[in-house]
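A structural walkthrough
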Amino acid sequence: DMASSTTGWAVTEKGQVLRTSDGGHTWVTVTPAGVPANGGGATLTAINGDHAWVALEEKTSNTPDSMVVYRTSNGGRTWRKAQTGASGSSPQMRFLNASTGFMLLGEGYAAGSEGVILLGTTDGGATWTVVADAKPTAQNPPNIFGGDKSGFGFVDARRGWITGNWAAPSILLY
């Protein structure tokens, strides 16, 4: 995730977070403390050389797995951890600025439909709330179960889309 022609971020298959400030010639490990040594399945997004977020599933023996987010505002020198209160897989994360961001989590597949949950934050990832949910009982926030999801994007804090398709060749927009 290159923030400029010189500064960028990466996450390895094992969840190790790397940062470059020389266009990718060299990389420095800036993995948050607490991320397991084999923390696979992590996803990373950044908006510049200072602000980045890493989401991964936290597995503990005492509680159900939940998605956690580590955030930095100083280029990875220090990280803060936040619980999202949600579980899921294959996190996708996007931030509009240092405060406003969204995360899409997979909740499983069933006969041409995919359950997902969309979370939002307005405080840089310190707290997360459910914006939309795929549970059949979800009314407010709206239900987004039908079809297979492929991604999402937002143009501002109130306007965004979740994309995908139905079993037949067609486009799905929520």
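What you see is a predicted model; the values in this text were computed from it and never measured.

1. Here we look at the overall build of the chain
- Assigned secondary structure in the chain consists of 0 helices and 14 strands.
- Each helix and strand of the chain, ordered N terminal to C terminal, gives the series β-β-β-β-β-β-β-β-β-β-β-β-β-β.
- Buried residues in the chain amount to 44% of all 174 residues.
- When contacts within the chain are restricted to residue pairs at least 6 apart in sequence, long-range pairs at least 24 apart make up 38% of them.

2. Re the nonpolar core
- Counting 13 residues, the largest nonpolar core has Trp-9, Val-17, Val-54, Leu-56, Tyr-70 and Trp-79 as its most contacted members.
- The set of elements that each furnish at least two residues to this core consists of strand 4 (43-46), strand 5 (52-58) and strand 6 (66-72).
- Considering each element in turn, this core owes the most residues, 3 residues, to strand 5.
- Counting residues in hydrophobic clusters, the runner-up holds 12 residues, among them Ala-86, Ile-117, Leu-119 and Trp-128.

3. Some points on a nonpolar patch on the surface
- Together, Val-155, Trp-161, Ile-171 and Leu-173 line one region of the surface with nonpolar side chains, adding up to about 460 Å² of accessible area.
- Structurally, Leu-173 is set in strand 14 (residues 172-173).

4. Concerning the packing of aromatic side chains
- Under the criterion given, the structure shown has 5 aromatic pairs.
- A ring pair is formed by Phe-102 and Phe-154, whose centres lie 3.6 Å apart and whose planes are at 5°; its orientation type is stacked. You can see Phe-102 sitting in strand 9 (residues 101-110) and its partner Phe-154 sitting in strand 12 (residues 148-154), a full 52 residues away along the chain. Phe-154 shares its class with Phe-102; the two are buried.

5. Section: the pairing of strand 13 (residues 160-165)
- Note: strand 12 against strand 13, 6 bridges, orientation antiparallel. In the sheet register, Phe-152 faces strand 13, and the bridge partner there is Ile-162.
- Between strand 12 and strand 13, which pair antiparallel one after the other, the connecting turn spans 5 residues.
- Strand direction decides the pairing type here: strand 13 and strand 14, joined by 2 bridges, are antiparallel. Considered in strand 14, the bridge of Thr-163 is made with Leu-173.

6. Quick notes on the pattern of salt bridges
- The final tally for this structure, using the stated rule, is 2 salt bridges.
- A salt bridge links Glu-58 to Lys-81, with the nearest nitrogen and oxygen atoms 2.3 Å apart. Here Glu-58 is found in strand 5, whereas its partner Lys-81 is found in strand 7 (residues 80-83), with 23 residues between them in sequence.
- When its relative accessible area of 42% is taken as the criterion, Lys-81 is described as partly exposed.
- In this structure, Arg-159 engages Asp-156 in a salt bridge whose closest nitrogen and oxygen atoms are separated by 2.8 Å.
- Judged by its relative accessible area of 25%, Asp-156 is partly exposed.

7. Notes on the sheet that holds strand 3 (residues 28-29)
- Read across the open sheet, the 3 strands follow the order 1-2-3; overall the sheet is antiparallel. The two strands at the open ends of the sheet, each matched to only one other strand, are strand 1 (8-11) and strand 3.
- In this sheet, strand 2 (residues 17-20) lies alongside strand 1 in antiparallel orientation, the contact comprising 4 bridges. Following the sheet pairing, Trp-9 is matched in strand 2 by Arg-19.

8. Topic: the environment of Ser-73
- Here Ser-73 is to be found in the loop between strand 6 and strand 7.
- Sequence-wise, Ser-73 and Ala-52 are 21 residues apart; in three dimensions their C-alpha atoms are separated by 6.9 Å.
- Ignoring anything within four residues of it in the chain, the contact list for Ser-73 reads Asp-50 and His-51.

So, how was this worked out
Residues numbered from 1 in each chain as written. Predicted model: local features only at pLDDT ≥ 70, side-chain atom pairs only at ≥ 80, totals over all residues. Heavy atoms only, no water. Helix = DSSP H or I, 4+ residues; strand = E, 2+ residues; numbered from the N terminus. Buried < 20%, exposed > 50% of the residue type's maximum accessible area, 1.4 Å probe, protein only. Contact = heavy atoms within 4.5 Å. Core = buried A, V, L, I, M, F, W, Y, C linked by side-chain atoms within 4.5 Å. Patch = residues over 30% accessible without salt bridge, like charges linked within 9 Å, V, L, I, M, F, W, Y side chains within 5 Å. Areas by Shrake-Rupley, 256 points an atom, 1.4 Å probe, with all protein chains shown as cover. Salt bridge = Lys/Arg side-chain N within 4 Å of Asp/Glu carboxyl O. Phe/Tyr/Trp six-rings, centres within 6.5 Å; stacked < 30°, edge-to-face > 60°. Pairing = 2+ DSSP bridges.

The values are spatial; any link to function lies outside them.
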